[in-house]
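Structural characterization, general
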Amino acid sequence: MGYLSRLNNVYVIDTNMLGFPNYNSAYLVVGDEIALIDTGEPDQFEAVSKGIKAHGFSLSDINYIFVTHCEHLDHAGNVAPILKQSPNAKVYINPIGDSYLTNPSGTNWGERFSAGALARRAGSKGMESVSPARIHHLKDGDVFDLGKGEKLRIIFAPGHQPSGIVIFEEKNQGLFINDLVGLCLADANVHYPLNPFGSDNIEAVKSLEKLLELPMACLYLGHYGIRQEPKEIMLRALGNLQKLLDIGRKWVSRGNPENIPDAVVEMITPELEKLRVGRGEKLYQYVAYEHVPFQAKLFARYCQERLK
Ligand SMILES: [Zn+2]
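Residues numbered from 1 in each chain as written. Predicted model: local features only at pLDDT ≥ 70, side-chain atom pairs only at ≥ 80, totals over all residues. Heavy atoms only, no water.

**Things to note about the layout of surface pockets**
When its volume is computed, the largest pocket comes out at roughly 180 Å³. The dominant element in the lining of the largest pocket, judged by the number of residues it contributes, is helix H9 (residues 281-306), at six residues. Looking at the lining of the largest pocket residue by residue, the classes come out as five nonpolar, four polar and three charged. (1 Å grid on protein atoms, 1.4 Å probe; cavity = no way out; pocket = protein on both sides within 12 Å on 5 of 7 lines; lining within 4 Å. Points joined across faces, edges and corners; volume = space filled by probe spheres on them. Helix = DSSP H or I, 4+ residues; strand = E, 2+ residues; numbered from the N terminus. Nonpolar A, V, L, I, M, F, W, Y, C, P; charged D, E, K, R; others polar.)

Here's what the structure looks like:
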């Protein structure tokens, strides 16, 4: 099965992250009420807004905004500007992500994102703070009935980030998987693990193993799009996480954790070559020379702390 930009009442919004098409997604789920899942990065508010309009909806139609993980600008970044134009919308998050929305300037984004990408970019707007009055705290297992037979069930799923949630969408039996499966580009057959600051691969394995029990027909990917082989993708993601942890354990136990970053880059390189063919030189240059090497170093640090 190939890439879909819409599945019945679920619409993909291309957030144009860093100016790259089909790289980061938000989603609209439409019943009698409308839910927006994730919001794109602050510098791409126009792209997100246009994407919503292109599907025939407007910001003022939105009733619910769910943020799959508050720690990341490319998912939480436009909550405030969207709320300004969505008077009825309420924002729902895992409570432990609260301060990333209410006090984003207190967050060390430079540390959290790969050098040069989101935080350091010249002219970047940065994230606007969200009024606490618009924020509602989720509990694991909460269900939202959107009408027209559509219900969204919240499942707390840490691993990619501590405030991570996934959302099971009943009508199409789809799972908004957050970034738990890593980077999996629906249209380019590229799949590799992500290792941002604060991610915990041991927790991610536990979350994915639990989620595999759901009766899923499709995955709504954070990066990017809809795929209809949910279990295959989640099992491959689990395999990737195990390979990373094996690399970490091997070099930590031998006392040479400095070898971890190169081993991680070597593991991911075949996928990067596929990305180069499928998506072109510009995205490849960013990912291969900035994003992946930076995250490989963060993973080495994680291993030294957690795999001793
Ligand atoms: Zn993320």
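**Regarding the state of the cysteines**
Cysteine pairs can be covalently joined through their sulfur atoms, and such a bond is termed a disulfide. Going through the model one piece at a time under the given rule, you end up with zero disulfides. For Cys-184, which is in no disulfide, the shortest distance to another cysteine sulfur is to Cys-218 and amounts to 13 Å. The exposure class of Cys-184 is buried, given its relative accessible area of 4%. Given the relative accessible area of 1%, Cys-218 is considered buried. (Disulfide = S-S within 2.5 Å. Buried < 20%, exposed > 50% of the residue type's maximum accessible area, 1.4 Å probe, protein only.)

**As for the sheet that holds strand E2 (residues 10-14)**
In spatial order, the strands read E1-E2-E3-E4-E5-E6-E7; together these seven strands make up an open sheet with mixed pairing. In this open sheet, the two edge strands, each paired with only one partner strand, are strand E1 (6-7) and strand E7 (135-137). Bridging between E2 and strand E3 (residues 25-30) involves five bridges; their strand directions are antiparallel. Bridge pairing links Ile-13 to Ala-26 in E3. Packed onto the sheet, helix H1 (residues 45-54) meets E2, E3 and strand E4 (34-37) and runs at close to 150° relative to E2. (Pairing = 2+ DSSP bridges. Contact = heavy atoms within 4.5 Å. Axes fitted to C-alpha atoms, helices over the stretch in contact; angles between N-to-C directions.)

**What about the packing of helix H7 (residues 230-253) against helix H8 (residues 260-279)?**
Where H7 meets H8, the closest approach of the two axes is 10 Å, and the angle between their N-to-C directions is 155°. When the axes of H7 and H8 are compared, the pair comes out roughly antiparallel. In terms of crossing hand, the pair formed by H7 and H8 is right-handed. Here Asn-240, Lys-243, Leu-244, Ile-247, Gly-248, Trp-251 and Val-252 of H7 lie close against H8, whose contacting residues are Ile-260, Ala-263, Val-264 and Met-267. Residue composition of the contact of H7 with H8, by class: eight nonpolar, two polar and one charged. (Parallel < 35°, antiparallel > 145°, perpendicular 65-115°, else oblique. Left-handed = near helix turned anticlockwise from the far one by under 90°.)

**Thoughts on the coordination of the zinc ion**
Note on the zinc ion: its protein donors are His-69 (NE2), His-72 (ND1), His-160 (NE2) and Asp-179 (OD). The metal-donor distances range over 2.2 to 2.3 Å. Considering all four donor atoms around the zinc ion, the spread of angles at the metal, 90 to 171°, places the coordination shape in the irregular class. A relative accessible area of 6% means that His-160 is categorised as buried. (Donors = N, O, S within 2.8 Å, 3.2 Å for Na, K, Ca; no water. Tetrahedral: all angles 85-135°; square planar, octahedral: opposite > 155°, others 65-115°.)

**Regarding the pattern of salt bridges**
With the rule as written, the count across this model stands at 11 salt bridges. Linking Glu-128 and Lys-84 is a salt bridge whose minimum nitrogen-to-oxygen distance equals 2.6 Å. On the criterion of sequence distance, the pair formed by Glu-128 in the loop between helix H5 (109-112) and E7 and Lys-84 in helix H3 (residues 79-85) is long-range, its members being 44 residues apart. Close ionic contact of Arg-236 with Glu-232 constitutes a salt bridge, the shortest N to O distance being 3.9 Å. One end of the pair, Arg-236, and the other, Glu-232, are both in helix H7, four residues apart, so they sit about a helical turn from each other. You can call Arg-236 partly exposed: its relative accessible area is 34%. Since its relative accessible area comes to 49%, Glu-232 is described here as partly exposed. Residues joined in a network through salt bridges with shared partners are Glu-273, Arg-276 and Glu-281. (Salt bridge = Lys/Arg side-chain N within 4 Å of Asp/Glu carboxyl O.)

Read these as spatial facts, not as claims about activity.
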